[in-house]
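Descriptive analysis of the structure
Each chain is listed here by its residues.
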Amino acid sequence: MRLIDREEVAARLTYEVAIPIVREAMIALSAGTTRQHLRSIIPLAQGRMFGIMPGAMGETAPFGAKLISVFPDNFAKGVQSHQGVVVLFDPDSGAPVCVVHAGEITAIRTAAASAVATDALARPEASRLTLLGYGEQAATHARAIAKVRALSAIHVWGRDAGRREAFAAKMGAELGLPATAHAEVEAAVAQADIICTLTPSAEPILKGAWVAPGTHLNLVGSSYAGPVEVDSDLVVRARFIADSREGVLRQGAEFLRAKAAGLIGDDHIAAEIGEVLSGKVAGRRSADEITAYKSLGHVVQDLATAWALYSA
């Protein structure tokens, strides 16, 4: 059995490679080609979790599972918060053939999925990116979104002043862009064309009143029912695009809170991103429309990117 470690994933799974793979995986998900169960989450102590995500790329295609732990406190130790493995099975023999480092796969494919959504939903001229958060996903999102839009500036918010300043300086230098750290979320998003929410916040950090018409949002930080990064006003105002309808209706925290308040119904999900990508449903309909992509992450993204590394 082959092992693909973190270093090999990082070296070979570039955004130029990952973005088109994830795009096709999301089209296949919405078309019903893939097979998967929603992630099963086992809560652990101190806000930690263990997740199990099984799936198949098709009835006669590669299949497997991701086993992933989420330890948010790892960030303070300089260690990835997501640890685990993606196990790949051969579709012809049914044998397990490869184990891939899941932390690195997750970091890259999640940002690639947001880049796919941004390319489909953000205004063509969108150039000012705001990152709410300064962890690993903030860095990967900046790198990925720079591949689909000509960025002119980056704005960063995070609770710790030293960390947000250091992160802004690092990403600005890496991407060759002006990067500004902000102490307040409202100031960070004031001029944004694209906003990515990338925090473990349990309660809203972003209010709809602060988001300008024409903005595109990637809602990424909350991946299960519970933590909510944006308020219900923003959910109501936005053309809401899901990575998976089933996933959002069961695990999309921001959507579920607005629904529980009686502000929206299930039909507020305008489309899955795969439906937009295939041309089945319109994405952005006007320059002034606010679009929001809810990213929960799905095992078909992991399997497709891992299989590409294994089979190349």
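The text that follows walks through the structure, step by step, so that each part is easy to find. (Residues numbered from 1 in each chain as written. Predicted model: local features only at pLDDT ≥ 70, side-chain atom pairs only at ≥ 80, totals over all residues. Heavy atoms only, no water.)

**Here we look at the nonpolar core**
We count it as follows: What is meant by a nonpolar core is a set of buried Ala, Val, Leu, Ile, Met, Phe, Trp, Tyr and Cys residues, joined one to another through side-chain atoms within 4.5 Å. Accessibility here uses a 1.4 Å probe with only protein chains present; expressed as a share of the type maximum, an area under 20% marks a residue as buried, one over 50% as exposed, and anything in between as partly exposed. Secondary structure is summarised from DSSP: a helix means a run of H or I of at least four residues, a strand means a run of E of at least two, and numbering begins at the N terminus for each. Throughout, a contact is declared for two residues whenever any of their heavy atoms are within 4.5 Å.
Grouped together as the largest cluster of nonpolar side chains are 41 residues, with contacts concentrated most on Val9, Leu88, Val100 and Ile273. Looking at this core, the elements that each hand over two or more residues are helix H2 (15–31), strand E6 (82–89), strand E7 (96–101), helix H3 (102–121), helix H10 (273–277) and helix H11 (299–311). Of all the elements, H3 adds the most residues to this core, at 10 residues. With near-sequence residues (within four places) excluded, Leu88 lies in contact with Phe63, Ala95, Pro96, Val97, Cys98, Val100, Leu303, Ala306, Trp307 and Tyr310. Judged by nonpolar contacts, the second largest core, of 26 residues, contains Leu132, Val211, Ala238 and Ile264.

**Here we look at helix H9 (residues 253–260)**
Residues Ala253, Glu254, Phe255 and Ala258 constitute the buried set of H9. Buried residues along H9 sit against helix H7 (232–237), strand E13 (239–242), helix H8 (245–251), strand E14 (269–272) and strand E15 (291–294). Looking one or two residues beyond H9, the residue adopting positive phi is Gly262, at roughly 80 degrees.

**Describing the sheet that holds strand E9 (residues 153–157)**
Spelled out, the test is: Between any two strands, at least two bridges found by DSSP are needed for them to pair. Helix axes use the C-alpha atoms of the stretch in contact, all axes being lines fitted to C-alpha atoms, and the angles between their N-to-C directions lie in the range 0 to 180 degrees.
Taken in spatial order, the 8 strands of this open sheet run E10-E9-E8-E11-E12-E15-E13-E14, and their pairing is parallel. What marks the edges here is a single partner per strand, and that holds for strand E10 (179–182) and E14. Direction aside, the axes of adjacent strands within the sheet are offset by 20 degrees on average. Both E13 and E15 contribute to a ladder of 4 bridges, which runs parallel. Looking at the pairing, Ile241 lines up with Tyr293 of E15.

**Let's talk about the packing of aromatic side chains**
Cut-off, in case you're wondering: Any two rings among Phe, Tyr and Trp, with Trp reduced to its six-membered ring, count as a pair given centres within 6.5 Å; such a pair is stacked if its planes are under 30 degrees apart, edge-to-face if over 60, and tilted if neither.
In the structure shown here, the tally under the stated rule is 4 aromatic pairs. Ring geometry for Phe63 and Phe89: centres 5.2 Å apart, planes at 10 degrees, overall stacked. Remark: Phe89 occurs in strand E6 and Phe63 occurs in strand E5 (residues 63–70); sequence separation between them is 26 residues. Taken together, a centroid distance of 6.0 Å and an interplanar angle of 25 degrees make the contact between Phe75 and Tyr134 stacked. Remark: Tyr134 occurs in the loop between strand E8 (128–132) and helix H4 (136–145) and Phe75 occurs in the loop between E5 and E6; sequence separation between them is 59 residues.

**Description of the pattern of salt bridges**
To keep things clear, this is the line we draw: A pairing counts as a salt bridge when a side-chain nitrogen of Lys or Arg comes within 4 Å of a carboxyl oxygen of Asp or Glu.
The final tally for this structure, using the stated rule, is 22 salt bridges. The shortest N-O distance in the salt bridge between Arg12 and Glu8 comes to 2.7 Å. One end of the pair, Arg12, and the other, Glu8, are both in helix H1 (residues 6–12), 4 residues apart, so they sit about a helical turn from each other. Assessed through its relative accessible area of 28%, Arg12 is described here as partly exposed.

**Quick word on the environment of Thr199**
Selection rule: In the analysis that follows, any N or O atom pair within 3.5 Å is treated as a polar contact, provided that within protein one partner can donate a hydrogen and the other can accept it, and provided that, for residues neighboring in sequence, both atoms belong to side chains.
Examined against the element boundaries, Thr199 turns out to sit in the loop between strand E11 (194–197) and strand E12 (216–219). For Thr199, a relative accessible area of 8% translates into the label buried. For the pair Thr199 and Leu132, spaced 67 residues apart in sequence, the C-alpha separation works out to 6.7 Å. At 3.2 Å, the side chain of Thr199 forms a polar contact with the backbone nitrogen of Ser201.

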